[in-house]
There are 2 protein chains.
Amino acid sequence: MKNFDLSLYLVTDRALSLGRPLEFIVEEAVKGGVTMVQLREKDCSSLEFYKLGMKLKKILNPLNIPLIINDRLDIALAVDADGLHIGQSDLPWQVARQLLGSDKILGLSVETQQQAEDANHLDVDYIGVSPVFATPTKTDTFQPFGLDGLKRACRVCKHPAVAIGGINLNNAASIIQHGAEGVALVSAISSAEDPANAARELKLEIQKNIR
Amino acid sequence: MKNFDLSLYLVTDRALSLGRPLEFIVEEAVKGGVTMVQLREKDCSSLEFYKLGMKLKKILNPLNIPLIINDRLDIALAVDADGLHIGQSDLPWQVARQLLGSDKILGLSVETQQQAEDANHLDVDYIGVSPVFATPTKTDTFQPFGLDGLKRACRVCKHPAVAIGGINLNNAASIIQHGAEGVALVSAISSAEDPANAARELKLEIQKNIR
């Protein structure tokens, strides 16, 4: 059984980190109770991506917090990350699963109810319901699910779900109340003045609402 | 012994293909005698890159023309390409070699004489001397080697060398005369009105000069 906790899932974005190094954000976030970290990089060299991955692994591995790589299976393999998160425009899940191995965590973003349902037939470990709310972080996404849509997606899909998109301290509780096992956050932690405290407050809010 | 022929090496660039599909360029180029093809994509999704790789593999595999993937080890693994070409900002060669396996072709771009010399200690199968001439195709490159620099790099490095950057029908012969085993071309084939004929003319020019 793979051991992972989706409840407070940090997705990195260096552009939203207010100029602070990624290692700082991640170190602070884990102090605050982040349970998983996804390294997402869209515009850097493979070497830089690899080096960032190695740095985060060094921070997270001793704490048993899974490091998940976004999109780039080669980086996930190269740093021996705990898993890979793919979207609908990334490698086909079968290819990713085969190369990644069955012991690694494979997450898949779903952007429609149909995709949430289709995921039942796929050998993935969790789904990312994306976006749950409108968000300026990602620009190429579908209509937001909204809370009702999230609830439906969580009901229809057998895999645990984490919601992403526009989540903050004010709406994190409602995400859990509507069936998600966790919240994935970018700016609510990365852009916070005190990322550790931001994570801590979110964690409390989530724990109060987990059944 | 890995079997590959660097003599006429097409490096793809969809932006320089005058709106024609990549498959067309590659099919025409192989008619003209291209001996190797490198799929280079910098701004597309992983899914699109994978699909392009699969298409090119279908064309090249029956002809025994190696398909090499630029930078993206995951795509190389996913399409089971014949090899990977990495630059100095891509994955470290040791990591690439380990994940790729010893039976695949691994090429490395060198941008300085020092890198050409250092490559002697690396388990790579060929080097790409880049750029040999100034070129508008790549903007982030070092000082061109020039023909004398190419000659020195070929002498100092034990691996076979292919030259890239600003090569066309007028200077292809001189590349071979200065010690390279082949020419790597982007626009001289992809932007030609008749890519098959462009490849054919280059091939003749190269064959006349191979010792």
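Residues numbered from 1 in each chain as written. Chains lettered and ligands numbered in written order. Predicted model: local features only at pLDDT ≥ 70, side-chain atom pairs only at ≥ 80, totals over all residues. Heavy atoms only, no water.

An unreviewed UniProt entry lists chain A under the name Thiamine-phosphate synthase, with Mangrovibacterium diazotrophicum as the source organism. For the record of chain A, the UniProt heading Sequence similarities (unreviewed entry) holds the text "Belongs to the thiamine-phosphate synthase family." Regarding chain A, the relevant UniProt record gives this comment under Function (unreviewed entry): "Condenses 4-methyl-5-(beta-hydroxyethyl)thiazole monophosphate (THZ-P) and 2-methyl-4-amino-5-hydroxymethyl pyrimidine pyrophosphate (HMP-PP) to form thiamine monophosphate (TMP)." (UniProt positions renumbered as here; feature names shortened; annotations may be inferred.)

Draft legend 1. Looking closely at the packing of helix α1 (residues 22-31) of chain A against helix α9 (residues 195-207) of chain A. Residue and element names in this part refer to chain A. The interhelical angle for the contact between α1 and α9, taken along N-to-C directions, is 35°, at an axis separation of 7 Å. Here α1 and α9 pass one another in a crossing that is right-handed. Residues F24, I25, E28, A29 and K31 of α1 form the contact with α9, whose participating residues are P195, A196, A199 and R200. Within the contact of α1 with α9, the residues separate by chemical class into six nonpolar, no polar and three charged. (Axes fitted to C-alpha atoms, helices over the stretch in contact; angles between N-to-C directions. Helix = DSSP H or I, 4+ residues; strand = E, 2+ residues; numbered from the N terminus. Left-handed = near helix turned anticlockwise from the far one by under 90°. Contact = heavy atoms within 4.5 Å. Nonpolar A, V, L, I, M, F, W, Y, C, P; charged D, E, K, R; others polar.)

Draft legend 2. Molecular detail of the relation of the copies chain B and chain A. For the pair chain B and chain A, the relating rotation is 180°, the translation along its axis is 0.0 Å, and the fit reaches an RMSD of 0.0 Å. A rotation of that kind, with that shift, is consistent with a two-fold axis. No C-alpha of chain B lies nearer the rotation axis than that of D74 of chain B, which sits 2.2 Å from it. (Least-squares fit on C-alpha atoms with pLDDT ≥ 70 in both.)

Draft legend 3. Region of interest: the environment of V37 of chain A. All names here are of chain A. Within the secondary structure, V37 is located in strand β2 (residues 36-39). For the pair V37 and P66, spaced 29 residues apart in the sequence, the C-alpha separation amounts to 6.4 Å. Aside from chain neighbours lying at most four places away, what touches V37 is Y9, L10, T12, V26, L56, L60, I65, P66, L67 and I68.

Draft legend 4. View of the interface of chain B and chain A. Across the contact, 18 residues belong to chain B and 18 residues belong to chain A. Approximately 1,400 Å² of surface area, both sides summed, lies buried where chain B meets chain A, with 70% of it carried by carbon and sulfur atoms. Interface area lost by chain B to chain A is led by L47, D74 and L91 of chain B, which between them contribute 30%. Our enumeration of links across chain B and chain A arrives at two salt bridges. We note a salt bridge from R72 of chain B to D74 of chain A, for which the minimum N-O separation is 3.9 Å. For the pair chain B and chain A, the number of links is 10 residue pairs in polar contact (both at pLDDT 80 or more). Sorting the residues of the side of chain B that touches chain A by element identifies α2 (46-60), α3 (73-78) and α4 (93-100) of chain B as the ones contributing at least two each. Take the side of chain B that touches chain A: its biggest share by element is five residues, from α3 of chain B. Within the side of chain B that touches chain A, the residues separate by chemical class into 10 nonpolar, four polar and four charged. (Buried area = accessible area lost by both parts, 1.4 Å probe. Salt bridge = Lys/Arg side-chain N within 4 Å of Asp/Glu carboxyl O. Polar contact = N/O pair within 3.5 Å; in protein donor to acceptor, adjacent residues only side chain to side chain.)

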